[in-house]
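# Understanding the architecture of this molecule
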Number of protein chains: 2
Amino acid sequence: MKIGIIGSGHMGSALGRIWGRNGHDIMFSSRHPSELEGLAKSIGSNAGYGTPQEAARFGEVILLAVPWGQAGDVLSSIVPLDGKILIDCTNPIKKDLSGLELGQNTSAAEEAAKRALGASVVKAFNTAFADVMRSGSRVFEGHRATGFYCGDDQAAKAVVSKLIDETGLEPVDCGPLHSARYLEPVTGLLLELAAKEGMGTNMAIALLRR
Amino acid sequence: MKIGIIGSGHMGSALGRIWGRNGHDIMFSSRHPSELEGLAKSIGSNAGYGTPQEAARFGEVILLAVPWGQAGDVLSSIVPLDGKILIDCTNPIKKDLSGLELGQNTSAAEEAAKRALGASVVKAFNTAFADVMRSGSRVFEGHRATGFYCGDDQAAKAVVSKLIDETGLEPVDCGPLHSARYLEPVTGLLLELAAKEGMGTNMAIALLRR
């Protein structure tokens, strides 16, 4: 398959290298194509380099792997893309990692905190299926499912972390209550998989480390 | 610890049962408290039942486990909650599971699709750290990290699924491109953990099944 890589930073180069070694034809690209010669040569004769426009013309599949802030301009410069597949791996993360630049504006937890006068609100358990909590174990093939939680009161979080641990989930502190904007969509994902993709509710999300 | 359970459906009853068996004092509650007698008795003398107001007064920790649509009214009926910890496990999921009722309005992928004229856009790889893709393996303690992807063109998704599989990630189809609204916040979560919670980038999200 012919794959054009738009943006050849850590992600673009890593994926291009994997696919190139797997026998696909790769064209890396950036605004400074000559800097990509070494990368292409390290893979072999099935890898080349060029401008984003050249990579877009070349690829049947195009990987969009530029920083989010550049995505709009780059796309405008490579359209039309008739009949091509565009893999978008961008993330609209703010530069200071304080949130997403688009698509999000509040969370149920933050709304609850406005109403729960006097209480320290901790978001927890929302990413776990009730069926899993009712079952005999929170362990999946040797891995504990993760109990993500977040909140603005450290002492309250310490209490909740222990309550999570007691259920068998592995507590993972996800920072301030604002992170509920990340945790609630995780459940959106799980429900999509369980109900619409037919995977059922005997599953869980885990943070894997090594 | 005294724990008040607001809403005694699948999640509230499951967590109350676990914590009750662990020796905590539990008060279950609902709008129809008498229906909770059997649940409380099945745990023992450290479990009781009452109205949401009684459970809120009782608990040092309060679990909010009602359907999202009822959360606002219930909270208004139990405040003030001075000095208490409120665990919010609600999710603002639409009844037809078509999205979140608040907090989300678009995604980078949907914005990219507006600009990528002619292309079939598939969201993929955004939940994987480049450091993991550059490393020798996508396996964490025997588990493959998950390669979540979504898009509206089934043929394009079949191609991308294979390309994901080639990288060592386990492809999981997350439905329409709209699901990018779930996948992009996952990366917000991972970056929060990696950068602000100091966990580094040698980690990944996995969907566990059994």
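Residues numbered from 1 in each chain as written. Chains lettered and ligands numbered in written order. Predicted model: local features only at pLDDT ≥ 70, side-chain atom pairs only at ≥ 80, totals over all residues.

## Here we look at the sheet that holds strand S9 (residues 146-151) of chain A
- The mixed open sheet is built from 8 strands, whose spatial order is S10(A)-S9(A)-S6(A)-S5(B)-S4(B)-S1(B)-S2(B)-S3(B). The open sheet has two edge strands, strand S10 (170-173) of chain A together with strand S3 (47-50) of chain B, and neither has a second partner. If you compare each strand with its neighbour and ignore which way they point, the axes differ by 25° on average.
- For strand S4 (residues 61-64) of chain B and strand S5 (residues 85-88) of chain B, the ladder comprises 4 bridges, and the chain directions are parallel. Bridge assignment links Leu64 of chain B to a residue of S5 of chain B, and that residue is Asp88 of chain B.
- Packed on one face of the sheet, helix H7 (residues 154-166) of chain A meets strand S6 (120-124), S9 and S10 of chain A together with S4 and S5 of chain B and runs near 165° to S9 of chain A. (Pairing = 2+ DSSP bridges. Helix = DSSP H or I, 4+ residues; strand = E, 2+ residues; numbered from the N terminus. Axes fitted to C-alpha atoms, helices over the stretch in contact; angles between N-to-C directions. Contact = placed C-beta atoms within 7 Å.)

## Brief notes about the packing of helix H5 (residues 108-115) of chain A against helix H4 (residues 68-78) of chain B
- Two elements in contact, H5 of chain A and H4 of chain B, have axes whose closest approach is 9 Å; the angle formed by their N-to-C orientations is 15°. If you check the angle between H5 of chain A and H4 of chain B, you find them roughly parallel. For the crossing formed where H5 of chain A meets H4 of chain B, the hand is right-handed. Residue-level inspection shows Ala108, Ala112 and Arg115 of chain A of H5 of chain A in contact with H4 of chain B, the latter providing Trp68, Ala71, Gly72, Leu75 and Ser76 of chain B.
- A breakdown of the residues in the contact of H5 of chain A with H4 of chain B according to their chemical character gives 5 nonpolar, 2 polar and 1 charged. (Parallel < 35°, antiparallel > 145°, perpendicular 65-115°, else oblique. Left-handed = near helix turned anticlockwise from the far one by under 90°. Nonpolar A, V, L, I, M, F, W, Y, C, P; charged D, E, K, R; others polar.)

## Some thoughts on the pairing of strand S5 (residues 85-88) of chain A
- With burial as the criterion, each face of S5 of chain A is covered, one bearing Ile85 and Ile87 of chain A and the other bearing Leu86 and Asp88 of chain A.
- Traced from strand S4 (residues 61-64) of chain A through helix H4 (residues 68-78) of chain A to S5 of chain A, the parallel crossover comes out right-handed.
- Where S5 of chain A lies against strand S6 (residues 120-124) of chain B, 4 bridges are found, and the strand directions are parallel. Note that in S6 of chain B the partner of Leu86 of chain A across the bridge is Val121 of chain B. (Buried ≥ 20, exposed ≤ 12 C-beta atoms within 10 Å, placed from the backbone. Right-handed = clockwise from strand over helix to strand, strands pointing away.)

## Section: the nonpolar core
- One finds Ile6, Leu64 and Ile87 of chain A together with Ile6, Leu64 and Ile87 of chain B to be the most contacted residues of the largest nonpolar core, which totals 144 residues.
- If near-sequence neighbours (up to four positions away) are discounted, Leu64 of chain A is found in contact with Ile6, Gly7, Ala71, Leu86, Ile87, Asp88, Cys89 and Thr90 of chain A together with Ala112 of chain B. (Core = buried A, V, L, I, M, F, W, Y, C linked by C-beta atoms within 7 Å.)

## Quick look at the relation of the copies chain A and chain B
- The two copies are related by a screw motion: chain A maps onto chain B through a turn of 180° and a shift of 0.0 Å along the axis, at an RMSD of 0.0 Å. Taken together, the rotation and translation relating the two chain copies correspond to the operation of a two-fold axis. Minimal C-alpha distance to the rotation axis in chain A is attained by Gln104 of chain A, lying at 2.2 Å.
- Comparing interface residues between copies, 100% of those in chain A also lie at the interface in chain B; the contact surface is shared. (Least-squares fit on C-alpha atoms with pLDDT ≥ 70 in both.)

## Observations concerning the environment of Leu81 of chain B
- Among the secondary structure elements, Leu81 of chain B is positioned in the loop between H4 and S5.
- Look at Leu81 of chain B and you get buried, because 21 C-beta atoms sit within 10 Å.
- Sequence-distant contacts of Leu81 of chain B, defined by excluding residues within four places in its chain, comprise Ala116, Leu117, Gly118 and Ala119 of chain A together with Ala56, Ile62 and Leu86 of chain B.

## Regarding the interface of chain A and chain B
- At the junction of the two partners, chain A supplies 94 residues and chain B supplies 94 residues.
- Ranked by residue count, the leading element in the side of chain A that touches chain B is helix H8 (residues 180-196) of chain A, at 14 residues.
- A breakdown of the residues in the side of chain A that touches chain B according to their chemical character gives 55 nonpolar, 23 polar and 16 charged.
- Where strand S11 (residues 203-209) of chain A lies against strand S11 (residues 203-209) of chain B, 7 bridges are found, and the strand directions are antiparallel. By the bridge assignment, Leu208 of chain A is partnered in S11 of chain B with Ala204 of chain B.

## Overview of the domain arrangement of chain A
- Structurally, chain A comprises domain 1 (2-88) and domain 2 (108-196).
- Taking only C-alpha atoms into account, the centre of domain 1 of chain A sits 38 Å from that of domain 2 of chain A. (Domains from an automatic or database assignment.)

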